[in-house]
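Listed here are the chains, written in short residue letters.
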Amino acid sequence: MTTPAPEKSARRRRPSRKQDTSSRPVLRLGLAGWIVSWLVPTAVMGGLLLALGFLPGLNDEGFLAPLIPLIAAAAVVVGIPGTLLVSWLYRHQLRPTVHILGYVLVGLLYGPVVLVVGAGGLIPMLIPLIGFPAGILLGIGRWMAQPLARVENPDEDPEHLATPETKDPEHA
């Protein structure tokens, strides 16, 4: 005698989920917005360090002068790829606070660049002196660039909605 084949239970099944075929909206910043959100805060940070270097008594030991090239190096090595990566990673996130916090995080990463100079002495203490103001300034810069951002919805774009049958036959 053989064992009968098991029957499927009559339990309720979850309907199969279809993949969302519609495209999600994308937040685009553009070149002018990116310049406002990255270059302006970096230039303000360098200008602040330069201005502090002219104050009497503050730069007696040459404390601030070497920080200006470090800020420039951090802006190029960490800032450019970091801000572009944040903009790309969060392109489907339409809330500006997420982008602003991402830029603040990139600015905080400016601080550890001072360790390139050397990890001895007072150099590690400069990490917060560079990182915190850079993070705040990059966050403010991204907030200022918010009016320059635009939301592109591919579902509403006529170029994406046109099918080969509905396109102009002369240009086919």
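Residues numbered from 1 in each chain as written. Predicted model: local features only at pLDDT ≥ 70, side-chain atom pairs only at ≥ 80, totals over all residues. Heavy atoms only, no water.

### A closer look at the overall build of the protein chain
Turning to step 1, where the next piece is worked out: For the protein chain, the helix and strand inventory stands at five helices and two strands.
Turning to step 2, where the next piece is worked out: Counting over 172 residues, the protein chain shows a buried share of 27%.
Turning to step 3, where the next piece is worked out: When the accessible area of the protein chain is evaluated, it comes to approximately 12,200 Å², of which 66% is carbon and sulfur surface. (Helix = DSSP H or I, 4+ residues; strand = E, 2+ residues; numbered from the N terminus. Buried < 20%, exposed > 50% of the residue type's maximum accessible area, 1.4 Å probe, protein only. Areas by Shrake-Rupley, 256 points an atom, 1.4 Å probe, with all protein chains shown as cover.)

### Considerations on the pattern of salt bridges
Turning to step 1, where the next piece is worked out: With the rule as written, the count across this model stands at two salt bridges.
Turning to step 2, where the next piece is worked out: Here Glu 152 ties to Arg 28 by a salt bridge, and the two come within 3.0 Å at their closest N and O atoms. One end of the pair, Glu 152, is in strand 2 (residues 150–152); the other, Arg 28, is in strand 1 (residues 26–28), with 124 residues separating them in the sequence.
Turning to step 3, where the next piece is worked out: Glu 152 gets classed as partly exposed once you look at its relative accessible area, which sits at 30%.
Turning to step 4, where the next piece is worked out: Between Arg 150 and Glu 152 there is a salt bridge, and its shortest N-O distance comes to 3.2 Å.
Turning to step 5, where the next piece is worked out: The partly exposed category is assigned to Arg 150, whose relative accessible area is 42%.
Turning to step 6, where the next piece is worked out: Put simply, Arg 28, Arg 150 and Glu 152 are held in one network by salt bridges that share partners. (Salt bridge = Lys/Arg side-chain N within 4 Å of Asp/Glu carboxyl O.)

### Some words on the packing of aromatic side chains
The geometry of an aromatic ring pair is captured by the separation of the ring centres together with the interplanar angle, meaning the angle of the planes.
Turning to step 1, where the next piece is worked out: Here the structure, examined in full by the defined rule, presents one aromatic pair.
Turning to step 2, where the next piece is worked out: With a centroid separation of 5.0 Å and 10° between ring planes, the pair formed by Trp 34 and Trp 38 is classed as stacked. Of this pair, Trp 34 and Trp 38 are both found in helix 1 (residues 30–53), four residues apart, which corresponds to roughly one turn of the helix.
Turning to step 3, where the next piece is worked out: The buried category is assigned to Trp 34, whose relative accessible area is 14%.
Turning to step 4, where the next piece is worked out: Assessed through its relative accessible area of 9%, Trp 38 is described here as buried.
Turning to step 5, where the next piece is worked out: Its end group placed over the ring of Tyr 103, Arg 142 keeps NZ or CZ at 5.8 Å from the ring centre. (Phe/Tyr/Trp six-rings, centres within 6.5 Å; stacked < 30°, edge-to-face > 60°. Lys NZ or Arg CZ within 6 Å of the ring centre and 35° of its normal.)

### Examining the side chain of Ser 37
Turning to step 1, where the next piece is worked out: Its location among the elements puts Ser 37 in helix 1.
Turning to step 2, where the next piece is worked out: Setting aside residues up to four positions removed in sequence, Ser 37 forms contacts with Leu 29, Tyr 103, Leu 138, Gly 141, Arg 142 and Ala 145. (Contact = heavy atoms within 4.5 Å.)

### What to know about the environment of Pro 41
Turning to step 1, where the next piece is worked out: With respect to the helices, strands and loops of the structure, Pro 41 is situated in helix 1.
Turning to step 2, where the next piece is worked out: The class for Pro 41 is buried, based on a relative accessible area of 6%.
Turning to step 3, where the next piece is worked out: For the pair Pro 41 and Gly 107, spaced 66 residues apart in the sequence, the C-alpha separation amounts to 9.7 Å.

### What about the nonpolar core?
Turning to step 1, where the next piece is worked out: Core analysis: the biggest nonpolar cluster contains 26 residues, and Leu 67, Tyr 110 and Ile 130 have the highest contact counts within it.
Turning to step 2, where the next piece is worked out: Put simply, the parts of the chain that give this core at least two residues each are helix 1, helix 2 (67–89), helix 3 (96–108) and helix 4 (126–144).
Turning to step 3, where the next piece is worked out: Among the elements that make up this core, the one with the highest residue count is helix 2 (seven residues).
Turning to step 4, where the next piece is worked out: Contact partners of Ile 130, with chain neighbours within four places excluded, come to Met 45, Leu 67, Ile 71, Tyr 110, Gly 111 and Val 114. (Core = buried A, V, L, I, M, F, W, Y, C linked by side-chain atoms within 4.5 Å.)

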